[in-house]
Amino acid sequence: IAYAVDVLGLPPWKILAVTFTNKAATEMRNRVSAMLDGTDVSEMQIRTFHSFGAWLLRRYGAAIGLGDNFTIYDDDDSLSLLASCFPEYKKVELAPFAKSIALAKDMGLSPFDAQTAELNRNKDFPRMFEAYQRKLRSVGNVDFADLISLSIDLLQSSAEVRRQIHGRFKMVLVDEYQDSNIAQFKLLKLLVGERNFICVVGDDDQSIYRFRGAEVRNILSFPDVYPGTRIIKLEQNYRSTANILAIAQAVIANNVGRHPKTLWTSNPQGAKSRLVHALDEKEEAQRCARLIRES
């Protein structure tokens, strides 16, 4: 980002950078501001995927019938809305259904898609999903997953909004791309036009959030989706000793479906690692604390 502004002369407001947590977005903004001291970066969009979705919908949501003063529901709000649709159930009974609805949206599914029923084996789930969606639309508000799914609807249905966004953001960057889900992949594809630059950073070997909807195929298929992709492998490790890195390399080498890479470090060999069995995360933490105290 700093290079694009300082050397290439790209206006900061033409840059969009997205990541997955507010903490990471704040750190990115602070680093860029420090590197571009004296440059006005207030209009640069460095956000989470969901924060960007909210930004987009508040400005252009009218194109799909959404007012700009909508409330964004958190998990508790979504559960309460679902409970209002099905008062015969207790909230604790509806919690798994609310979680399945959110996951379905992250996967880009609608209530009666074939895959939707697989997310929750209860035969009433598709009907509950549909009722929830209908109620949510009727009150004019959105839930967390809608920030992505409705942004997709907006960009798919409005060529004018798509044109404006392609003109606004000439450079699009994504952090931790291995954690992106199907809906985020679709949104990114719509954000990037033929003349836009896109760069993603990620490590397929660190894709561990499949249970939350993350799709490692997004990063593995990137060169096929965006022809002309240049892949730059960052294989040097600066944090770990050589012995630790050798263990990590041996483990990930067995992963199926990955970009091949050879990790290396100029750090010392370091002490040999120890294999420790722990019953749960609490015992693991206690053992680590004890080893640190003993060292």
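All residue numbers here refer to positions counted from 1 along the written sequence of the relevant chain. In keeping with the predicted nature of the model, local features appear solely for residues at pLDDT of at least 70, side-chain atom pairs appear and are counted solely at 80 or more, and the whole-chain, interface and lining totals rest on all residues. Hydrogens and waters are ignored; side-chain quantities use all the structure's heavy atoms.

## Quick word on the layout of surface pockets
Next, step 1: A volume near 1800 Å³ is recorded for the largest pocket.
Next, step 2: A cavity here means a set of points on a 1 Å grid, drawn over the protein atoms and nothing else, where a 1.4 Å probe fits but cannot get out; a pocket is an open set with protein on both sides within 12 Å along at least five of seven lines, and a residue lines either one if it has an atom within 4 Å of a point. Lining the largest pocket are 40 residues, with Val200, Val201, Gly202, Ile232 and Leu234 positioned closest to its centre.
Next, step 3: Secondary structure is summarised from DSSP: a helix means a run of H or I of at least four residues, a strand means a run of E of at least two, and numbering begins at the N terminus for each. Breaking the lining of the largest pocket down by element, the ones donating at least two residues are strand E6 (197–200) and helix H12 (222–225).
Next, step 4: In terms of residues, the lining of the largest pocket owes the most to one element, E6, which gives 4 residues.
Next, step 5: Its boundaries defined by the atoms lining it, the second largest pocket holds a volume of some 1200 Å³.
Next, step 6: In this structure, the second largest pocket is lined by 36 residues; those nearest its centre are His50, Asp106, Phe144, Asn181 and Arg212.
Next, step 7: Counting residues per element, the ones that place at least two in the lining of the second largest pocket are helix H2 (22–35), helix H3 (49–60), helix H4 (75–85) and helix H5 (91–106).
Next, step 8: By residue number, the principal contributor to the lining of the second largest pocket is H5, which donates 8 residues.
Next, step 9: Partitioning the lining of the second largest pocket into residue classes produces 16 nonpolar, 11 polar and 9 charged. Grid points are joined across faces, edges and corners, and a volume is the space filled by probe spheres set on the points. Nonpolar residues are Ala, Val, Leu, Ile, Met, Phe, Trp, Tyr, Cys and Pro. Charged residues are Asp, Glu, Lys and Arg, and all others, Gly as well, are polar.

## Observations regarding the pairing of strand E5 (residues 171–174)
Next, step 1: Relative accessibility thresholds used throughout: buried, under 20% of the residue-type maximum; exposed, over 50%; partly exposed, between the two (1.4 Å probe, protein chains only). Burial along E5 is two-sided: Met171 and Leu173 and Val172 and Val174, pointing in opposite directions, are all buried.
Next, step 2: In this analysis, strands are considered paired if DSSP registers two or more bridges between them. Two strands pair when backbone bridges link them, and strand E1 (residues 15–19) and E5 are joined in this way by 4 bridges, in the parallel orientation. Its bridge partner being in E5, leucine 16 is matched across the sheet by valine 172.
Next, step 3: Note that E5 and E6 share 4 bridges and pair parallel. Bridging from a neighbouring strand, methionine 171 pairs with phenylalanine 197 of E6.
Next, step 4: In the classification by handedness, the crossover that spans E5, the intervening helix H10 (residues 182–191) and the parallel E6 is right-handed. The handedness rule is simple: strands pointing away from the viewer, and a clockwise path from the first strand over the helix to the second, make the crossover right-handed.

## What about the pattern of salt bridges?
Next, step 1: Between Lys or Arg on one side and Asp or Glu on the other, a salt bridge is scored when a side-chain nitrogen of the former is within 4 Å of a carboxyl oxygen of the latter. As enumerated under the stated definition, the model contains 13 salt bridges in all.
Next, step 2: One salt bridge in this structure joins aspartate 143 and lysine 105, with 2.7 Å as the shortest N-O distance. Placement of aspartate 143 in strand E4 (residues 142–143) and of lysine 105 in helix H5 is noted, with a sequence separation of 38 residues between them.
Next, step 3: Looking at lysine 105, the relative accessible area reads 4%, which means it is buried.
Next, step 4: Each of Asp203, Asp204, Asp205, Arg258 and Lys261 takes part in a single network of salt bridges with overlapping partners.

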